[in-house]
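Residue-level structure breakdown
In case you want the letters, here they are:
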Amino acid sequence: MDLTELFAFLSIPSVSTDPARREDVRRAALWLAERLKARGFRTELHETPLHPILYAERFVDEKAPTVLVYGHYDVQPPDPLELWESPPFSPVVREGRIYARGASDDKGQLFAHVLAAEEAPVNLKFLVEGEEEIGSPHLPPFVRANREKLRADVVIVSDGAMFAPLTPTLTYGLRGLCYLEVRLKGARRDLHSGAFGGVAPNPIQALGWLLARLKDERTGKVLIPGFYERVRPVPEEERALWPSLDEEALKRELGVEVLPGEEGYAPLERLWARPTLDPNGIWGGYQGEGSKTVIPAEAGMKLSMRLVPDQDPEEVVDQAEAYLKAVCPPATPWRCGGSTEAGPSSPTPLARPCALWPGPWRRSGEGPPSTPGRAGRSPWWPSSRRPWGRPSSFWAWGFPTTTSTPPTRSWTW
Ligand SMILES: [Zn+2]
């Protein structure tokens, strides 16, 4: 296989968060535009206040479906550099894998779609941004302003990970997310426990009581009234398509002995089809070395909830706030702020053409059939049905164990 083009792409240090790399990021967009032009695409580079968005289209037949491929040409910083066996922007092949920053996320996956475009009997549009690794700040307004241009029958997100090595995976749904921050107040200032312990309200203690009431310790169920009310059960036909999860391998990977979660549901269902609640941060009082007998004036926590069809993030935030208010210890002033920005879950019905997975592997007979999966990961903005108004799916080629560990990102072909 000729890797010259892919290696040229991987050699561009398009680190979107690094101001010193701004020209390199731009160079990656221009380089990709040239490659698409060479394959018969009309391209447009749309400037944003930071890194440009590349749009490209090629129409083959007005009766053919139109597919929009999303990807990103930016990468994360390569630090810590000492963990790299070879320089991050000098791609090399070792034991059948390509090692380079962005090899898996997302240049390798994206370029696979560019190569596949040569023979695709569909109308194709590419939407490629350079700010995915910094939260896609300019993509939502671009999508809103260009709905007509981006119109498609299906959206393919060219970024993701396989369920297991050599198991090509089609992700047809992502869980949604809402976020809460809770702050509890005590006295008007920090107090000394020697002088005020016994009469001073302690917001850390109140926070502990509050936290303990969020989930049932025995069943793992979230105790917020109404939380599960709208949850749509997984149809049997859908569950039958799911792969089996190697629980022992997952435990080994996480370094844990148990996989705790909601009673009555297998780990894979808890990962893909059940809503969850997790405290993500907790603070208050003295955290430094040694001791300080302080009764703090404030304590707080951050919580996230992963949502599934048909939960409504705004309704869930309201339910959570109402419950927290009801169980908050008396006379504890509190503030609660909710964010539903990340939105609802985004399932794509399995009957839609984009969710069919005979896939290139099966067709070529070179590997196992691809696996359908729901992702338990972030409701990553571009995949949401909301902006597209279209079903979307991830066609993932990244290695599951390498994509999340920055220094070892690799790509196999
Ligand atoms: Zn990515």
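Residues numbered from 1 in each chain as written. Predicted model: local features only at pLDDT ≥ 70, side-chain atom pairs only at ≥ 80, totals over all residues.

**Quick word on the overall build of the protein**
Looking only at helices and strands, the protein has 12 helices and 17 strands in total. For the protein, buried positions account for 38% of its 413 residues. In the protein, the share of contacts with a sequence separation of at least 24, taken over all contacts with a separation of at least 6, comes to 75%. (Helix = DSSP H or I, 4+ residues; strand = E, 2+ residues; numbered from the N terminus. Buried ≥ 20, exposed ≤ 12 C-beta atoms within 10 Å, placed from the backbone. Contact = placed C-beta atoms within 7 Å.)

**Here we look at the confidence of the model for the protein**
Of all residues in the protein, 81% have pLDDT values of 70 or greater, and the mean over the chain is 83. Looking at the elements of the protein, mean pLDDT is at its lowest for strand 17 (residues 410–412), recorded as 38, and at its highest for strand 1 (residues 42–46), recorded as 98. This model gives residues 355–370 a pLDDT under 50, and the stretch forms 28 contacts once residues within four places in sequence are excluded. Of the regions scoring below 50 in pLDDT, residues 376–391 engages in 44 contacts with residues more than four places distant in sequence or in other chains. (pLDDT = per-residue confidence, 0-100.)

**Notes on helix 10 (residues 313–327)**
In this model helix 10 runs 21 Å from its N-terminal to its C-terminal C-alpha over 15 residues, within 8% of the 21 Å that 1.5 Å per residue would give. Within the sequence span of helix 10, burial applies to Pro313, Val316 and Ala320. The buried residues of helix 10 all sit within an arc of 60° when viewed along its axis, so they share a single face. The exposed set on the far side of helix 10, more than 90 degrees from its buried face, consists of Glu314, Lys325 and Ala326. (Expected span 1.5 Å × (residues − 1). Arc of directions from axis to C-beta.)

**A look at helix 2 (residues 22–38)**
The end-to-end C-alpha distance of helix 2, which contains 17 residues, comes to 25 Å, matching closely the 24 Å that a straight helix rising 1.5 Å per residue would cover. All of the buried residues in helix 2 are Val25, Ala28, Ala29, Leu32, Ala33, Arg35 and Leu36. Seen from one end, helix 2 has its buried residues packed into an arc of 165°, which puts them on one side. Away from its buried face, by an angle of more than 90 degrees, helix 2 presents the exposed residues Glu23, Glu34 and Ala38. Tucked into the core, helix 2 has its buried residues touching helix 1 (4–10), strand 1, strand 2 (53–58), helix 3 (107–116) and strand 6 (123–129). Directly beyond the C-terminal end of helix 2, a positive phi value near 85° is found at Gly40.

**Here we look at the environment of Pro233**
Structurally, the position occupied by Pro233 is in the loop between helix 6 (203–212) and helix 7 (236–241). Separated by 77 residues in sequence, Pro233 and Asp310 place their C-alpha atoms 9.7 Å apart.

**A few points about unusual backbone geometry**
Of note, the amide linkage connecting Asp79 to Pro80 takes the cis form, showing an omega dihedral of -5°. Following the sequence through the fold, Pro80 ends up in the loop between strand 3 (66–72) and strand 4 (92–94). The residue Glu95 is not glycine, and still its phi comes out positive at about 50°. Relative to the assigned elements, Glu95 resides in the loop between strand 4 and strand 5 (97–99). A tally of 7 C-beta atoms within 10 Å means that Glu95 is categorised as exposed.

**Quick look at the environment of His72**
With respect to the helices and strands, His72 occurs in strand 3. On the neighbour-count criterion, His72 (29 C-beta atoms within 10 Å) is buried. Expressed as a C-alpha distance, the spacing of His72 and Ala29, which sit 43 residues apart in the sequence, is 9.2 Å. The residues touching His72, leaving out its near neighbours within four places in the chain, are Asp106, Val128, Glu129, Gly130, Glu132 and Asp159.

**Quick word on the nonpolar core**
One finds Leu32, Leu54, Leu68 and Phe126 to be the most contacted residues of the largest nonpolar core, which totals 39 residues. With six residues, helix 2 is the single largest residue contributor to this core. Not counting chain neighbours up to four residues away, the residues in contact with Leu32 comprise Phe9, Leu54, Tyr73 and Val128. Grouped together as the second largest cluster of nonpolar side chains are 26 residues, Cys178, Ala206, Ile224 and Met305 included. (Core = buried A, V, L, I, M, F, W, Y, C linked by C-beta atoms within 7 Å.)

**Considerations on the pairing of strand 13 (residues 298–307)**
Most of strand 13 sits out of view: seven of its 10 residues are buried. In the sheet, strand 9 (residues 176–185) pairs with strand 13 via 10 bridges, with the strands oriented antiparallel. From the neighbouring strand, Val182 faces strand 13, where its bridge partner is Met301. The pairing of strand 11 (residues 276–284) with strand 13 spans eight bridges and is antiparallel. From the neighbouring strand, Thr276 faces strand 13, where its bridge partner is Arg306. (Pairing = 2+ DSSP bridges.)

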